[in-house]
Amino acid sequence: KQWYQRRVRGEVPEINHQKLILPPINYNVKCMSMGLLVDPSSPVVWRGLMVMQAIRKLLRGVLWGPLDLLIVDMPPGTGDTQLSITQEIPVTGVVLVTTPQAVALADCIKGAEMFGKVSLPILGLIENMSFFSCPFCSVKHHLYGSTPLSELVAGTAADVPVLAQLPMEPSVVRDCDKGSPSVIDNPHIGLVFDSVAERLLLHLDLESET
């Protein structure tokens, strides 16, 4: 977020003598997005070959250096972006993210089936905005329905484990807007993300560092 705000002011990531982009680093995490390279006031209308070229630029035109993990945040769907990623780099696993709505879950299941056809393991499913906890009485309100996610998934053909159900948390919005990780500023919500990270690291057979 901080780098996006700098991009709005006209700043762009640096490029070294090898013409590789130097990824911005915040909280010891490297990050790169096409949003940092294009005009922030203009929409990006790309399809097909242009999408593939952009993905190749982000993967191979950036000086990533040694990494513990490379996490690629992709848009929903089963189109050019997803297929290009699977063709460009070896993918260890896929994490699906949905919201508590039947249409959103259906899209995730389609994604799971697509990745299954290219032999990529599904590490799990995360439900975002699952519920809202009242700050006064601590009662959980399921604003989009109360059917457990595990039951909804069980009613489909996909065998996808549920990793977590994340609450609607206003502090996360504020943290994102100021470019600060919620796991640092809000320990109570940080525990939820830590739990997801630990489960994924177990799947990937990696050790976590605290």
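Our subject is the structure listed above.
Below, the structure is looked at part by part.

About the thresholds
Residues numbered from 1 in each chain as written. Predicted model: local features only at pLDDT ≥ 70, side-chain atom pairs only at ≥ 80, totals over all residues. Heavy atoms only, no water. Buried < 20%, exposed > 50% of the residue type's maximum accessible area, 1.4 Å probe, protein only. Helix = DSSP H or I, 4+ residues; strand = E, 2+ residues; numbered from the N terminus. Pairing = 2+ DSSP bridges. Right-handed = clockwise from strand over helix to strand, strands pointing away. Polar contact = N/O pair within 3.5 Å; in protein donor to acceptor, adjacent residues only side chain to side chain. Contact = heavy atoms within 4.5 Å. Salt bridge = Lys/Arg side-chain N within 4 Å of Asp/Glu carboxyl O. Axes fitted to C-alpha atoms, helices over the stretch in contact; angles between N-to-C directions. Parallel < 35°, antiparallel > 145°, perpendicular 65-115°, else oblique. Left-handed = near helix turned anticlockwise from the far one by under 90°. Nonpolar A, V, L, I, M, F, W, Y, C, P; charged D, E, K, R; others polar. Patch = residues over 30% accessible without salt bridge, like charges linked within 9 Å, V, L, I, M, F, W, Y side chains within 5 Å. Areas by Shrake-Rupley, 256 points an atom, 1.4 Å probe, with all protein chains shown as cover.

1. Some details on the pairing of strand E3 (residues 94-98)
Line of reasoning, step 1. Only one face of E3 is buried, namely the one carrying Val94, Leu96 and Thr98, since none of Val95 and Val97 on the opposite face is buried.
Line of reasoning, step 2. Judged from the five bridges that link them, E3 and strand E4 (residues 122-127) form a sheet pairing that is parallel. Of the residues in E4, the one forming a bridge with Leu96 is Leu125.
Line of reasoning, step 3. Tracing the backbone out of E3, into helix H4 (residues 102-117) and back to the parallel element E4 gives a crossover that is right-handed.

2. Remarks on the side chain of Asn16
Line of reasoning, step 1. Take Asn16: it is sitting in the loop between helix H1 (2-8) and strand E1 (25-26).
Line of reasoning, step 2. Taking the relative accessible area as the measure of exposure, Asn16 reaches 18% and is therefore buried.
Line of reasoning, step 3. Only 2.8 Å separates the side chain of Asn16 from the backbone nitrogen of Leu20, close enough to count as a polar contact.
Line of reasoning, step 4. Residues within four places of Asn16 in sequence aside, it is in contact with Leu22 and Leu63.

3. Quick notes on the pattern of salt bridges
Line of reasoning, step 1. In this structure the tally under the stated criterion is two salt bridges.
Line of reasoning, step 2. When the shortest N-O distance is used, the salt bridge between Arg56 and Glu88 registers 2.9 Å. Here Arg56 is found in helix H2 (residues 49-60), whereas its partner Glu88 is found in helix H3 (residues 80-88), with 32 residues between them in sequence.
Line of reasoning, step 3. The salt bridge involving Glu88 is made with Arg60; its shortest N-O contact spans 3.2 Å. Of this pair, Glu88 sits in helix H3 while Arg60 sits in helix H2, and the two are 28 residues apart along the sequence.
Line of reasoning, step 4. Given a relative accessible area of 17%, Glu88 falls into the buried group.
Line of reasoning, step 5. Salt bridges linked by common partners bring Arg56, Arg60 and Glu88 together as one network.

4. So, the packing of H2 against H3
Line of reasoning, step 1. H3 packs onto H2 with a crossing angle of 45° between their chain directions and a minimal axis gap of 10 Å. When the axis of H2 is compared with that of H3, the two are oblique. The element H2 and its partner H3 pack so that their crossing is right-handed. Judged by residue contacts, Val51, Met52, Ile55, Arg56, Leu59 and Arg60 of H2 engage Asp80, Thr81, Ser84, Ile85, Gln87 and Glu88 from H3.
Line of reasoning, step 2. In terms of residue class, the contact of H2 with H3 is made up of five nonpolar, three polar and four charged.

5. Remarks on the sheet that holds E3
Line of reasoning, step 1. Here we have three strands laid out as an open sheet, ordered E3-E4-E7, and parallel in their pairing. Of all strands in the sheet, those with a lone pairing partner are E3 and strand E7 (162-165), marking the two edges. The mean inter-strand angle of the sheet, taken between neighbouring strand axes irrespective of direction, is 20°.
Line of reasoning, step 2. On top of the sheet, H4 reaches E3 and E4; it is set at about 165° to E3, its chief contact.
Line of reasoning, step 3. Lying on the sheet, helix H8 (residues 187-203) is in contact with E3, E4 and E7; it crosses E7 at an angle near 170°.

6. What about a nonpolar patch on the surface?
Line of reasoning, step 1. On the surface, Tyr27, Val29, Val183, Ile184 and Phe193 cluster together into a nonpolar patch covering about 440 Å² of accessible area.
Line of reasoning, step 2. Note that Phe193 resides in helix H8.
Line of reasoning, step 3. For Phe193, a relative accessible area of 31% gives the class partly exposed.

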